[in-house]
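Structural overview for review
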Amino acid sequence: MIETVDQSDARGTSSQKRKREVVYVSAPLDLRDAPETFHTSAPPRLRWWRRPLLRLLYVPAIIAGMGITIGHLLKNLILLRQPTISFPEIKPFIPKRFRSRHRLMQKDDGSVRCTACMCCATACPSGCIYIVAHEVEDPEVEKAPRVFDIDGLKCVYCGFCVEACPCDAIRMDTGVYPEAEIKRGNFVWNMDKLMHDIPDNLPE
Amino acid sequence: MTEALVLILRPLGALGFFMTLIPIMIWFERKGCAFIQDRVGPNRAFIPGLGLRLAGFVHNLADVVKLVTKEDFIPAFAHRGLYIAAPMLSMAAALLTYAVIPFADDLTLGSVTFALRAVDTDLGILFIFAFSSLAVYGVVLAGYASGSKYPLLGGIRGTAQMISYEVSLGLSVMGIVLIFGTVDLNEICRVQGQLLFGVVPKWGVFLQPVGFMLYLFAAFAETNRSPFDMVEGESEIVGFHTEYSGTKFALFFMGEYVAMAIQAAVIVTLFFGGWQIPWLPTSALIENASQVLVVLLGAIAVGALGFGVLLLRFHRWNKVRWQDERKREGIILAILLGFGPAITALLGLTIVLSTDLSGSVPNVVASVAQFLAFSVKVLFFCWVFIWVRWTLPRFRYDQVMFLGWKVMLPLGLLNLVVTAGLRLLWL
Amino acid sequence: MESLLFWFFSVIAVVSAVLMVCFRNPLMGALSLAISFLATAGLFALMTGPFVAIMQVLVYAGAIMVLVIFVIMLLRADEASLDRERIGPFRFALGALIGLPFGGFLLVAVGNFGGKVEAATSALPPDFGSMKSFGRMLFNQYMYPFEIVSILLLVAIIGVVVLAKRDF
Ligand code: SF4
Ligand code: SF4
């Protein structure tokens, strides 16, 4: 962000001292477009390895850089620091609203809440939801999915399916994200997995 | 009989030394760069049953298995014969060079004296230059024979670079040759045992600082290490070994590391006193052999003990992290690498203190001490090669050429002339 | 042992020299020449001339042939880009005309040497061919030729600079 003064100053209409109007603009793309009077702090004192004469030799800068790298190395080596997460054993913190693997909600009687309206499949930008509907005995229910597959390899975790669902039957709050599998087919999650293979202690 | 044995054992020993350096350097490279970049580095491969990971060292074994079992692919457009010959040439040129590097001063056993280096010749530096200049062939042929554009580019770039820097490499050493008056590396080492102004050892760095800088840079360029890795340039062109896989690629890979280790050894020999322990010439070492042994064993004991304590700390923190067999690793390592050696060294210490060294034992002790000094220095310079690689960005190609011809060559000539003048004035 | 090595190196030197002429691929030709140089270096080393041998490796195999190969690669002089040349009787005769006298001289020289090799080596001073004696000879006995050669090289370097820098 660059502090600029009101442009009327530049036109020279008034010699009066004006109150400065500070406008914050994003940095100009081309420096030639920059207003002539913009305030920068005084050039910083160059560190010794950046002085022109010494810089010619490269050597001071190289030594300074080597110092930085060896500093990191020694810090990590002696303090046994582990700046990264040892992933499969230690899971990173997953925020509550992280869009993770889907789950299908259940009604009170344990049947699937989804009504096979196909809204999610329509909204899905990657077309990875496969639904086959069928009739059920319950006269109250018009239809229900017989097959509800999500292809986890195609899914982009956009969450549109959750937004689209009119009856809150699909959610993405399991906190589970896919890891490695042996076969591609293992990434296709069927209805059973989506309904039951979910961690406990999730909100209803 | 003994002579024949020595004749065979010397090259084998030297070969063993440099081959052992390869996995150590690869390990340095991986683990070192990881720590420099605030990562953990390789730590997954482990020996099943024991759960030993040796801080990523086991990855070397896994690499060997992988590279050997990989398909040995020859592209259709490759020139078959040259394609196969190139990695061999690269490795052979690298492996020929080590022959004249002395590991310790000449060892006298009873009445026989033999030099502790692979080939007993006084050609010294010339031998090294002659055979390291053949390393170019590997790069050129790999680039040409692959029948593909990126290797060709890499080969041409690499050749131009190596030819250019060979000039500076030779020139920067000439100052050392002028000062010490010999090209025999063992002789150079011996001279470096003297003292300069009675305080500092007469090492090449102190006599030829400019020459040392030039040699260091040229050595980086010669071994195609970053910041001069024009040959590989993995972010622009993948380099001369793009088309190689399996064992052939492994040969290139190992050739690079061997060349690096040898350059480190040459730097140590020319500029850092080689096998000299500062302020302790060979005769002093032999005279005070028992003290030397005591200090050596004591240092090993203390170092191993400290290492063991460090490993125990590692174990405490390790056993909660892994719920499989790896959780015993820390304690096994602490016993194997820390407390075991420490106890052995202490035992040796008591034996040494209670007996008198006689016969040719002091000579052997002196040689071992010098060899250890040499190895420590070489390992340090191997580490410098890696350290620089993970610190500096790569030069652009024209910058490489500029530096080689317009900065290093004139500086080298100037250094040579000034050295010659000073030598004329004072000697 | 030594005669075994001698035959080994000589066969390699001669065969690779012949191959160098026979190969149509310029790169292969250059490579066989390099191998021939290396074998010759081995022969020099056998003749107690380690310094000459190492110089042969350093200068010929390590520098000159590398440059030649570099140029071949840079020009991408493949087999396909070269004209097919036929060796007609005329060319053959011309080649023989040039080659025969040279071969004759060589034969005479070798013939003069024949059988005397053993005697010659035994009479040599102990440090024959070592760096020290070589340098001493070069800078005492052959001082002036040496300096003249270095001036020649200087002239060559200046010439290259002048040629490369067309506009002043
Ligand atoms: S998250 Fe997006 S891509 Fe994935 S299933 Fe839902 S709508 Fe489709
Ligand atoms: S999950 Fe929701 S949007 Fe998708 S078919 Fe079922 S009810 Fe319709």
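Source: prediction; values computed, not measured.

Here we come to the site of ligand 1. Among the 14 residues in the neighbourhood of ligand 1, the closest are listed as Cys124, Ser126, Cys155, Cys158 and Cys161 of chain A. Per-class residue counts for the shell around ligand 1 are eleven nonpolar, three polar and no charged.

Buried together is how nonpolar side chains tend to be arranged in soluble globular proteins. Grouped together as the largest cluster of nonpolar side chains are 122 residues, with contacts concentrated most on Phe18, Ile101, Tyr215, Ile267, Leu270 and Phe374 of chain B. Take this core: its biggest share by element is 13 residues, from helix H10 (residues 246–271) of chain B. Setting aside anything within four residues of it in sequence, one finds Tyr215 of chain B in contact with Phe129, Leu169, Ser172, Val173, Gln263, Val266, Ile267, Leu270 and Phe271 of chain B. If you look at the next biggest cluster of nonpolar residues, it comprises 22 residues, including Cys128, Ile129, Phe148 and Tyr157 of chain A.

Our focus in this paragraph is the sheet that holds strand E4 (residues 129–134) of chain A. As summarised here, the arrangement of the three strands in space is E4-E5-E7 (chain A), forming an open sheet in which the pairing is antiparallel. The open sheet terminates on both sides in strands that have one partner only, identified here as E4 and strand E7 (188–189) of chain A.

Now for the interface of chain B and chain C. If you look at the interface, chain B gives 23 residues, while chain C gives 24 residues. Between chain B and chain C, the buried area comes to about 2100 Å², and carbon and sulfur atoms account for 82% of it. At the boundary of chain B and chain C, one finds zero salt bridges. Here chain B and chain C share two residue pairs in polar contact (both at pLDDT 80 or more) between them. Among the elements of the structure, helix H4 (125–132), helix H5 (135–145) and helix H6 (149–180) of chain B are those that each provide at least two residues to the side of chain B that touches chain C. It is H6 of chain B that provides the largest number of residues to the side of chain B that touches chain C, a total of seven residues. In terms of residue class, the side of chain B that touches chain C is built from 18 nonpolar, four polar and one charged.

Let's shift gears to unusual backbone geometry. At Tyr157 of chain A, a residue that is not glycine, the phi angle is positive and equals roughly 55°. Tracing the backbone shows Tyr157 of chain A in the loop between strand E5 (144–151) and helix H5 (160–164).

Cut-offs applied
- Residues numbered from 1 in each chain as written.
- Chains lettered and ligands numbered in written order.
- Predicted model: local features only at pLDDT ≥ 70, side-chain atom pairs only at ≥ 80, totals over all residues.
- Heavy atoms only, no water.
- Near = heavy atom within 4 Å.
- Nonpolar A, V, L, I, M, F, W, Y, C, P; charged D, E, K, R; others polar.
- Core = buried A, V, L, I, M, F, W, Y, C linked by side-chain atoms within 4.5 Å.
- Buried < 20%, exposed > 50% of the residue type's maximum accessible area, 1.4 Å probe, protein only.
- Helix = DSSP H or I, 4+ residues; strand = E, 2+ residues; numbered from the N terminus.
- Contact = heavy atoms within 4.5 Å.
- Pairing = 2+ DSSP bridges.
- Buried area = accessible area lost by both parts, 1.4 Å probe.
- Salt bridge = Lys/Arg side-chain N within 4 Å of Asp/Glu carboxyl O.
- Polar contact = N/O pair within 3.5 Å; in protein donor to acceptor, adjacent residues only side chain to side chain.

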